[in-house]
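Analysis of the macromolecular model
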Amino acid sequence: MKPDEIEALSFNIIDEEAGRHDFPSDKWSVVQRMIHTTADFEYIRSVRFHQDAISCGINALRNGKKIVTDTNMARVGIRKSDLESFGTEVKCFMSDPEIGRIALKSGITRAKAAVNAAISDMEDGIYVIGNAPTALLRLIELVKDKKAKPALIIGLPVGFVNAAESKAALVEIDYPYITNKGRKGGSNVAASVVNALAKLALLNS
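Everything in this summary refers to the structure shown in the same document. (Residues numbered from 1 in each chain as written. Predicted model: local features only at pLDDT ≥ 70, side-chain atom pairs only at ≥ 80, totals over all residues. Heavy atoms only, no water.)

1. As for the sheet that holds strand S6 (residues 177-180)
The cut-off we apply is this: Here, a strand pair is defined by DSSP locating no fewer than two bridges between the strands. Only DSSP runs of H or I reaching four residues or more are called helices, and only runs of E reaching two or more are called strands; each is numbered from the N terminus. For helices, the fitted line uses only the C-alpha atoms of the stretch in contact; every axis is such a line through C-alpha atoms, and the angle between N-to-C directions lies from 0 to 180 degrees.
Here six strands make up an open sheet; going across it, the order is S1-S6-S5-S4-S2-S3 and the pairing mixed. The open sheet is flanked by strand S1 (47-49) and strand S3 (90-92), the only strands paired with a single partner. On average, each strand axis in the sheet is inclined to that of its neighbour by 15 degrees, with strand direction left out of account.

Following this line, the structure appears as structure tokens:
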């Protein structure tokens, strides 16, 4: 089978095994791709969308705003071919030597330092977090203080320390987000959300 045939069959299987759900088609396309990436149907129950998340994400992509990620794995996992027509740039500051120096000098994580460095790049764009709860917690602080203004936060850090807590904090603020409850997440899942939004942005663009 060709790759597109395998993907189409996978989505058909997901639809069949998921059964009935309450997601509208645009949100389901995001959840569907999260399941496709992980083979984990629990995302049907755990995913959370801000009411403006889909529209804000699509508008950011169509306007060619930047995507900033907290890991190079997420950056690599985002399909650049779907973003070419919008002129969207995908950036990650984690491997920047200057970020390492700032983090060491300030006694903070590289992820937190990277968020601070990305304030101008993320404006009206999408910040994608698939690994570091400290990045999400710092971004929430900056948004609350009106120092950072991404159009959408994709908050899917994974792990046992502050992953679930940081996502719970994200849900509490009135700001466009896509996240989930609990410890699960990861850079691959976060990238899949962007890829789903890119497909939606390409429709009728």
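What follows continues from the structure just given.
2. Points about unusual backbone geometry
Rule in force here: Note on exposure labels: buried denotes an accessible area under 20% of the residue type's maximum, exposed denotes more than 50%, and partly exposed covers the range between, all computed with a 1.4 Å probe on protein chains only.
Phi angles above zero are rare outside glycine, and Ala39 is one such case at about 60 degrees. For Ala39, the position within the fold is in the loop between helix H2 (25-38) and helix H3 (43-46). The residue Asp124 is not glycine, and still its phi comes out positive at about 65 degrees. Examined against the element boundaries, Asp124 turns out to sit in the loop between helix H7 (110-117) and strand S4 (126-129). A relative accessible area of 38% means that Asp124 is categorised as partly exposed.

3. So, the pairing of S6
How we decide: The handedness rule is simple: strands pointing away from the viewer, and a clockwise path from the first strand over the helix to the second, make the crossover right-handed.
Neither face of S6 is left uncovered, since the one carrying Tyr177 and Thr179 and the one carrying Ile178 and Asn180 both have all their residues buried. Strand direction decides the pairing type here: strand S5 (residues 152-155) and S6, joined by three bridges, are parallel. Note that in S6 the partner of Ile154 across the bridge is Ile178. Crossover S5 to S6 through helix H9 (residues 163-172) is right-handed.

4. Here we look at the nonpolar core
Buried together is how nonpolar side chains tend to be arranged in soluble globular proteins. Applied cut-off: Put simply, a nonpolar core is a bunch of buried Ala, Val, Leu, Ile, Met, Phe, Trp, Tyr and Cys residues held in one set by side-chain atoms that sit within 4.5 Å of each other. Whether two residues touch is decided by their heavy atoms; if any such pair falls within 4.5 Å, the residues are in contact.
Val30, Ile67, Ile154 and Leu197 are the most contacted members of the largest nonpolar core, which has 39 residues in total. Going through the elements one at a time, helix H1 (3-18), H2, S1, helix H4 (53-62), S4, S5 and helix H10 (187-202) are the ones with two or more residues in this core. The dominant element in this core, judged by the number of residues it contributes, is H10, at ten residues. Setting aside residues up to four positions removed in sequence, Leu197 forms contacts with Val30, Ile54, Gly57, Ile58, Leu61, Leu152, Ile154 and Ile178. Counting 25 residues, the second-largest nonpolar core is a separate cluster that includes Phe93, Ile99, Ile129 and Ala135.

5. A few points about the packing of aromatic side chains
Going by this rule: Only centres within 6.5 Å qualify two rings of Phe, Tyr or Trp (six-membered ring in Trp) as a pair; their planes then separate them into stacked at under 30 degrees, edge-to-face at over 60, and tilted for everything else.
Enumeration according to the criterion identifies two aromatic pairs in this entry. For the ring pair Phe23 and Phe49, a centre distance of 6.3 Å and an interplane angle of 70 degrees mean the geometry is edge-to-face. In this pair, Phe23 sits in the loop between H1 and H2 while Phe49 sits in strand S1, placing the two residues 26 residues apart along the sequence. Of the residues examined, Phe49 reaches a relative accessible area of 14% and is grouped as buried. Put simply, the rings of Phe23, Trp28 and Phe49 pair up and form one aromatic cluster.

6. What to know about the packing of helix H8 (residues 133-144) against H9
To describe two helices that pack against each other, one gives the angle between their axes and the distance between the axes. For the record, the criterion: Here roughly perpendicular refers to angles of 65 to 115 degrees, roughly parallel to angles under 35, roughly antiparallel to angles over 145, and oblique to all remaining angles. A crossing counts as left-handed when the near helix is turned anticlockwise from the far one by less than a right angle, and as right-handed when that turn is clockwise.
Running from N to C, H8 and H9 cross one another at 25 degrees; their axes reach a closest spacing of 9 Å. Here H8 is positioned roughly parallel relative to H9, judged by the angle of their axes. Like other packed secondary-structure pairs, H8 and H9 cross with a definite hand, here left-handed. Note on element contacts: H9 touches H8 through Ala163, Ser166, Lys167, Ala169 and Leu170, opposite Pro133, Leu136, Leu137 and Ile140.

7. Remarks on the pairing of S4
Residue alternation in S4 divides its side chains into two sets, Ile126 and Val128 and Tyr127 and Ile129, and both sets are buried. Across three bridges, strand S2 (residues 67-69) lies against S4 in parallel orientation. Its bridge partner lying in S4, Thr69 is registered against Val128. Looking at chain direction, S4 and S5 are connected through four bridges and run parallel. Bridge pairing links Val128 to Ile154 in S5. In this fold, the crossover linking S4 to S5 by way of H8 has right-handed handedness.

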